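Spelled out, the chains give:
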Amino acid sequence: MRDHDFSARERHTRGKRRFDDDDEPYFLKRGRPSEPVPADLADDPDPDTGAVWSSWDDAVHGPQPHPAWLVTDLAAKDTELGVLKTGKEADVHLVRRAVPDSDRACLLAAKRYRDPRHRLFHRDAGYLEGRRVRRSREMRAMTGRTAFGRQMIAGQWAAAEFAALARLWEIGDRYGTVAVPYPVQLRGTELMLEFVGDPDAGRAAPRLAELRPVGAELRDLWEQLVEALMVLARAGYAHGDLSPYNLLVHAGRLVLIDLPQVVDVVANPQGRDFLARDVRIVTTWFVARGLPSSLAEPAALTELLAREAGLR
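Remember, predicted model here, so these are calculated numbers, not experimental data.

Trainee: It is not clear to me how the environment of Arg96 should be interpreted in this structure. Could you clarify?
Mentor: Structurally, the position occupied by Arg96 is in strand S4 (residues 90–98). Separated by 20 residues in sequence, Arg96 and Ala76 place their C-alpha atoms 9.8 Å apart.

Trainee: Got a minute to help me understand helix H8 (residues 298–308) in this structure?
Mentor: For the α-helix, the turn length of 3.6 residues means that residues three or four positions removed from each other point alike. Residues Leu301, Thr302, Leu305, Ala306 and Glu308 constitute the buried set of H8. What you see down the axis of H8 is that its buried residues fit within an arc of 160°, all on one side. The N-cap residue of H8 is Glu297: its side-chain oxygen and the backbone nitrogen of Ala299 are 3.2 Å apart.

Trainee: How should I be thinking about unusual backbone geometry in this particular structure?
Mentor: Note: most residues except glycine have negative phi, and most peptide bonds are trans. The omega torsion across Gln64 and Pro65 is 0°, close enough to zero to call that bond cis. In this structure, Pro65 sits in the loop between strand S2 (60–61) and strand S3 (77–86). One non-glycine residue, Asp101, lies in positive phi territory at about 60°. Among the structural elements, Asp101 can be located in the loop between S4 and strand S5 (105–113). If you check the backbone angles, Asp258 has positive phi at about 55° while not being a glycine. As for its position among the elements, Asp258 is in the loop between strand S12 (253–256) and strand S13 (263–264). With relative accessibility at 14%, the residue Asp258 sits in the buried group.

Trainee: Which parts of the structure should I look at to understand the environment of Thr86?
Mentor: Tracing the chain through its elements places Thr86 in strand S3. Sequence separation of Thr86 and Arg112 is 26 residues, and the distance between their C-alpha atoms is 9.8 Å. Leaving out residues up to four positions away in the same chain, Thr86 has contacts with Asp91 and Arg114.

Calculation notes
- Residues numbered from 1 in each chain as written.
- Predicted model: local features only at pLDDT ≥ 70, side-chain atom pairs only at ≥ 80, totals over all residues.
- Heavy atoms only, no water.
- Helix = DSSP H or I, 4+ residues; strand = E, 2+ residues; numbered from the N terminus.
- Buried < 20%, exposed > 50% of the residue type's maximum accessible area, 1.4 Å probe, protein only.
- Arc of directions from axis to C-beta.
- Polar contact = N/O pair within 3.5 Å; in protein donor to acceptor, adjacent residues only side chain to side chain.
- Contact = heavy atoms within 4.5 Å.

Printed below as a string of structure tokens:
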């Protein structure tokens, strides 16, 4: 585990950003690139390939510097390749972004929250505690789960996940490094994310739940997970819905995904409970696969994370 020199007070006063609309991260406030794609062409699909102009110019961008593999050319086109994952709140699609007649291309995972009539935002009341909206009308709509309120919740999930991923990319050596997909862009309730998997086959990395690691491999994955939870806690956050289904394993590395319900454990009165539940679920899985229970004791790990987060 990583040594650090920041006190609990410093961790929550130096450079911390909330995941709500009262204090938007810097990347949500940037200006748009110049020379946008004309509105009448932006969503006009190619009759042969079905490709549309890249939505990069019409979106909020992830943190800089952008990865070298990312295609940001305005001349690029996006082509749908299929569905990677379906879920209760959102579906994830595989998209190829490429510049025609060139070798510049990349694969992206497009996470799209469903139409409000078909969404099932389960257990969202607890997650929303500690997040703020400017107008009381919006908060009442969210609390009452009106159609407008559900749309507001969807927007909060999308913005919160995008901000959380960007934050985890930005914190660097201050708190340690945690593996998450690079957040490419945010456009309404659609997130474009780094594709984690085999780009040649277009096959996503497997979830931890699909694997049966043993011995040294199991121990290594556990240590990676503990370090990731420590980094989140140092930054003042809990995943909020952690399970073996929200962890990918790519080239031996554990990657955290699905962070729309990320919890500010200081602002949320149930913060410690979310920490404890995350820990309980993952320790149960690892112990069931053969990890010694002495290495995965839920109460001890929860207490350690709570201290790292500055909770009393």
